[in-house]
Every structure is written in C-alpha cells, then in structure tokens.
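Summary of the model geometry
Given next are the chains, with one letter for each unit.
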Amino acid sequence: MTPAVGRLTRRSEFLRIARARRKWAAPGLILQTDRFHASSAHDADDRRVGFTVTKKVGNAVIRNRVKRRLRAVAREILPHRARGGFDFVLIGRKGTLIRPFEALKSDLVQALDRTGTLERIADTRNGNHSGSTS
RNA sequence: CCAGAUGGCCGGAUGGCCGCCGCCGCCUUCGGGCGGGGGAGGAAAGUCCGGGCUCCACGGAAACACGGUGCCGGGUAACGCCCGGCGGGGGCAACCCCAGGGAAAGUGCCACAGAAAGCAAACCGCCUGUCCGCUUCGGCGGGCGCGGCAAGGGUGAAAGGGUGCGGUAAGAGCGCACCGCGCCGCCGGUAACGGCGGUGGCAGGGUAAACCCCACCGGGAGCAAGGCCAAAUAGGGGCGGCAGCCGCGUUCGCGCGGCAGAACGGUUUCCAGUUCGCCGUCCGGGUAGGCUGCACGAGGCGUUUGGCGACAAACGCCCUAGAUGAAUGGUCAUCGACCGCCGGUUUCGGCGGGAACAGAACCCGGCUUAUAGGCCGUCUGGCUCA
RNA sequence: GACCCCAUCGUCUAGCCAGGUCUAGGACGUCAGCCUUUCACGCUGAAAACACGGGUUCGAAUCCCGUUGGGGUCG
C-alpha cells in the first residue's frame, strides 16, 4: 500500500514552509520541509508536496520540464520513503534539467535524510527488497 | 552543373514500463473502479494593430480637443493587413526596397563655415569709365565710381535650373538645341498616372518620423470583463470643520423622508439620466473559495465555378486541447537528420555528442520578432553537352 | 493573464517634450599629484556613460519603428 501524496496549492502554505528554515540543497534540487499544522481534516500520516521553479532557471519550456522531472522523482520516492505528517517543497535548479534521473532520485533521498524526514522502516525495506536503486 | 531570386510545406520516429487532465458509457460500499476515445505551435511568444464577446456610458446633439492612418483601385467583419496597379530607388536579370498626401495657407528651424541660408546678396574675382604713376607704347600697377556681371575660385548638406553652341566690354535664358520644371489643351486609363502637342525663359531651396493644413477613422474599459452560489459583514468606524428650507419621530445627541445642493462622460453648452450629506485627516477589517463565462466558430478540409490575384459563391465531409501552483509527461532501449575529432582523403571506416526556436490560458484575422536542418515547385544569369 | 511606466559615467541625476560649439554637465565615489612628519580635511588634475538595431534628417542622447532588460498596478 502506498499512501497518497497531496498537493500544495496555496501561496500562504509555501510561505509557511519556507519560514520553517528546515531545508537542504542537493545538486539537482532543493528541499524545504515542515510539519504541517494539526487540523481535523488531515490524517497524521498524510504527506503533501509542492513545486517551485523560478524564472531564473529558464524560459517556460525549461521550467515545465524541470517541474515534470521533479514530479516524477517525487512520485517514485515520497510515498514510501518520506515520513508522514510533513509538507515538502521541491525547488528546481538549473542542474535539474541535465542531471541523470538516478542521481536526482538519490539527491531527494539524501535531502530527506539530512532534514530528518527519511522513513526508517522504508529504509530497511529498501535494503531487503531492491538494492538496484542505490 | 554553378550562382542567385521567389512561393509553399515539414520541423524527430518506433516500442516497453510507470503516470497526468478533460469527455462519453457502465459499475459503485459514493472513497472510487473498469472500458473507449481525445490532449500544444508555426510562431502557442512580443502584446504592436483590427474585430467578436461582456460591462459602463446607455437617450442624444453640436462644437472643440486628443489619438491614429495617408499614391490609386480592389479584397475583407475590420485593419496600420492582403492583392493588383502607379511613381521613385537598387540589381545584368529573376526580383527586392520605399510613413509614397500638401512646402505658391501660415509659423518655426537650417549649428559651424561662408560675403550671403531665404527679402537674395557680392569676399576673391572678370569687364569698363575716369584720374595718377611707370612704359620696351603692346600694356602694367594703384585710387575713385548709388558703374556693369555672376562665368570662374572659395565655404557649406544645400548658393535662385543642367549640358553644349552662339553672343558679349565681361557676362547673363540674352538667343538657340536637348534634358528638367511650371501652366494650358487633347488622347488613353475607373483612378493614381502616362503619352503627345503647345506655351512660359525658370517663378516655387530643404525640413511636415517640427508645429500645422486637408481627407478618412476612433466612446471607455477589459474574461482579474461579467453573472450565480457560499462564507464574512459595515449601509465600515473615530476625530475636526461646514451643513439651507419643510414635515415626522425624539432618550433633545440626532435620525428618517422630500425639496434644494453636490458628484459623475476628454472639455464646454442644453435637456434627460445615475449616485450621494460634503470636505480634511486617522484607524481598521476582509479577499486571489466554488460554478459559469469556456470551446460550433467571420471553424477546418476537399471539389467545382467566377476572378490576373487577394478572395468569393455553391455542394459534400468533419467536430478538432480546455488546465487554473496551471494537465498534454517521466524513464529506458533501438533508429536517427546533423555536428566534432581521427585514419583514409572518391566511395568509406572508427569514436563521441545528438535534434532549432520554443508551451495554449476567452476566442478569431494580421503584423513583428526567434528558429538547427530538410523537402517540393517556379523563375533569372552563367558554363558545358546534344 | 491583462494593462501601464522606465532605461545617460561605479551610484544618484541634468540635458530629451522647441534636434546643432554635447568632444554630454554636476554631486558622491575611484585613481594620480600637491599640502602634512603621517593620516584625515583641503587644492589641482585624470579616467569613466547616452541599453541594442534600423529609419527620418545635412546632422539624433533628443523624433519614429523594432528588440532587449528592469519596475509597477489589478478584486
């Protein structure tokens, strides 16, 4: 069972996560994260993700491609390797476009580890089942 | 074959795995699931023009502003776009480029240089009359002249037609020929304009992407327009100043209604209309929630007919993206136009990289800008062969 | 997405809207020299810009068109 990953769409939520100052920059991406506010509407095990690609990265075509690669890597990693109860913001960089996909995935795992949001159970399950991804 | 001109089209392909957003059908424990079908561009871009659509002004009218366009005719819903022609310029040519109305309605400007820059004028100079000096008697030099001239020199971007011949004291449209220009007439053309003939000795420098004049066009804002629903709430509040008249209520602070008054279109005037106590100052609160607008339209494709063409008409077929932190993809493999390096240097072989510009946001018609490479057609010039 | 505005030395600006001695002026800053035992202050001097590409004009920072880069507003 893979838990669902919600999307962040409100500007105020992005600003809140940026204020938390819990972030780590990898060569392919930057991760910002924060424990989301306890409200009755959300389960404690939920996790949500948003994407930010600024105009500095490139024109609209490049920004779209960067965002799509970030979405693809988040879809593969976040559901079973990120801790529940957190919001994540992935920020695209100039290197996101040309970085190999496997390296981008390990960048995200490393960023989760450095921000203390890597799921420990998923870590052992990864070692048991598939050693090809690392 | 080489060089060039021009018009149109394409602008990565195939497959595996995993995904995203609408639409239709079925099932559903209303969370969703299954199946089918669809899903970026020639510029989607810049937002430079023209429209549709929506709201405001809404009825209007006139004048004045303001902005835009600018040879002629046609096409179009419309245009500053397109087509055909005219004129000017460039090219051997195909062909390309041109904001291309008016400078004898008026105003302004033309720095520096130059005598003079717009009423024309005369610095050097040329010629001449007269006086003086010299003389080899041909002349030379100097002064004076409200004497003549504008050919030559010089300045300038530009100096009041150009070239040649005649003419003259020297010269000059002074005369003549050709060219240019103005005016008149005739002919051709729908017109711009062109041709021919006559006539005038030349008047009228340039600049209108300077003001301007003439002709024509234009009400303003924009889908964050606008409508519906939900939430919130106030008809926001405080302070200071000014508040005409009447009626009602009054807790005597004031409140409500009417008249008056004020505000509102680019300006003014007139009626009509809408809104509202007015002015100044300070303090707040809330909001980028949902649905709709929103995908059948000046729509696309094909054939025929009319037209030089832009395009139009008729008939037939088709439905073709609708997201909203914003879908239309991620990844792997194979093929690959093309590029670089090396060996060979005609063919070819090896290695490495690998598709240009670029992403709909209410929708159309244009323009402009960016764009690796490739395909097809037409035409021009040159060379070779038959 | 729509609608507007701006661009001049390293920085802030004048000149633009009546085109010409504009080779673009000023202030702060920078550099060099003088002054001072030295530094500062002061004095003298120098370097340094019209965003880019076309057009109009004899002549463009100025007028017109296009491009690029910044900035602002929206209920």
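Quick note: structure is the one above.
Overview of the structure. (Residues numbered from 1 in each chain as written. Chains lettered and ligands numbered in written order. Predicted model: local features only at pLDDT ≥ 70, side-chain atom pairs only at ≥ 80, totals over all residues. Heavy atoms only, no water.)

Among the surface-exposed residues, R7, R65, K67, R68 and R71 lie close enough to one another that they form a single positively charged patch. Among the elements that line the positive patch, the one with the most residues is helix α2 (residues 60–81), at 4 residues. Structurally, the position occupied by R68 is in helix α2. (Patch = residues over 30% accessible without salt bridge, like charges linked within 9 Å, V, L, I, M, F, W, Y side chains within 5 Å. Areas by Shrake-Rupley, 256 points an atom, 1.4 Å probe, with all protein chains shown as cover. Salt bridge = Lys/Arg side-chain N within 4 Å of Asp/Glu carboxyl O. Lys, Arg positive; Asp, Glu negative; His and termini not counted. Charge placed at Lys NZ, Arg CZ, Asp CG, Glu CD. Helix = DSSP H or I, 4+ residues; strand = E, 2+ residues; numbered from the N terminus.)

Taken together, 19 residues surround RNA strand B, and among them R7, L8, T52, R65 and R69 come closest. Within 4 Å of the protein, the contacting atoms of RNA strand B are drawn from sugar and phosphate to the extent of 65%. F51 has a polar backbone atom sitting 3.0 Å from a base nitrogen of RNA strand B. Contacts to RNA strand B include R69, whose side-chain N or O atom sits 2.6 Å from a phosphate oxygen. A total of 9 residues in the surface near RNA strand B trace back to one element, the largest contributor, which is α2. Its residues assigned to classes, the surface near RNA strand B shows 7 nonpolar, 4 polar and 8 charged. (Near = heavy atom within 4 Å. Polar contact = N/O pair within 3.5 Å; in protein donor to acceptor, adjacent residues only side chain to side chain. Nonpolar A, V, L, I, M, F, W, Y, C, P; charged D, E, K, R; others polar.)

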